[in-house]
Amino acid sequence: MTYRLYYSDGSAAMGVRVVLEEIRAPYELIWTSISMDSPRDPEVLALNPNGWIPVLVWEKGAIYECGAITTFLCDRYPEYQLAPAVDSTERGLFLQWLFFFSSSLQNAYQMTYYPWRFCDSTQDEASVKRRSITRLRELWQVVDDAIGENDWLLGERFSAADIYLFMLTTWLSDSHNHPSVDSFVNVNRVATAVMQRPSVQLVYEL
Ligand SMILES: N[C@@H](CCC(=O)N[C@@H](CS)C(=O)NCC(=O)O)C(=O)O
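Residues numbered from 1 in each chain as written. Predicted model: local features only at pLDDT ≥ 70, side-chain atom pairs only at ≥ 80, totals over all residues.

### Some thoughts on unusual backbone geometry
- Here the residue pair Ile-53 and Pro-54 is connected by a cis peptide bond, since its omega of 10 degrees sits within 30 degrees of zero.
- Structurally, the position occupied by Pro-54 is in the loop between helix H2 (42-47) and strand E3 (55-58).
- The backbone of Glu-205 shows a phi angle near 50 degrees, a positive value even though the residue is not glycine.
- Tracing the backbone through its elements, the reader meets Glu-205 in the segment after helix H8 (198-204). (Helix = DSSP H or I, 4+ residues; strand = E, 2+ residues; numbered from the N terminus.)

The following block contains the structure:
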């Protein structure tokens, strides 16, 4: 079967696409606008009422949430070893980072990009934005400290959590006053290593 991925450049769908490339699964991209100037695609809204991408369609339905799709695909294709097996020691750590990325880091990014969604009045937007930029720095520091001298997030083995980490580093933006990825040397080292993978080179056109 061919997966269908609702997709836009620069979005969280890119990480899922890298995973699809890694597992060599056939897929079709459904280009979707996430511009603030256009309404959300009714097709996406029907599958994800939040209007967010990625959404992955497979033979038995559709899934949204980047971390869930990533885990789903890794588990379906264990031969590619992108996630530790359910009963392995590193499984907990793998899930920990995926959940942390989607619940904390991604949320901090959302607050910096769309501050108006997180306050009642336009006067408060600047404050939300300032605080969330600080939060972004704090959260990346947690990741940086946890990596320490390890090669990857899980220590010695590469996993899809590193792909997710790489994707999140690409969202750091000077124009939003985000910290630079260079401020987090361990994160930067892992992201640079992920960047060498052919799947990432293809999806990110590096
Ligand atoms: N928690 C969701 C967040 C997805 C998300 O924020 N997607 C963005 C693109 S990176 C989006 O679709 N934005 C459109 C909007 O917020 O209206 C996930 O991990 O899949």
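### Description of the site of the ligand
- Taken together, the neighbourhood of the ligand is formed by 13 residues, with Ser-11, Ala-12, Ile-34, Trp-52 and Cys-66 sitting nearest.
- The greatest single-element share of the shell around the ligand, amounting to three residues, is contributed by helix H4 (residues 91-113).
- Here the shell around the ligand is composed, by residue class, of seven nonpolar, five polar and one charged.
- Each of domain 1 (3-80) and domain 2 (91-197) accounts for three or more of the residues forming the shell around the ligand. (Near = placed C-beta within 6 Å. Nonpolar A, V, L, I, M, F, W, Y, C, P; charged D, E, K, R; others polar. Domains from an automatic or database assignment.)

No statement about biological role is implied by the geometric values presented.
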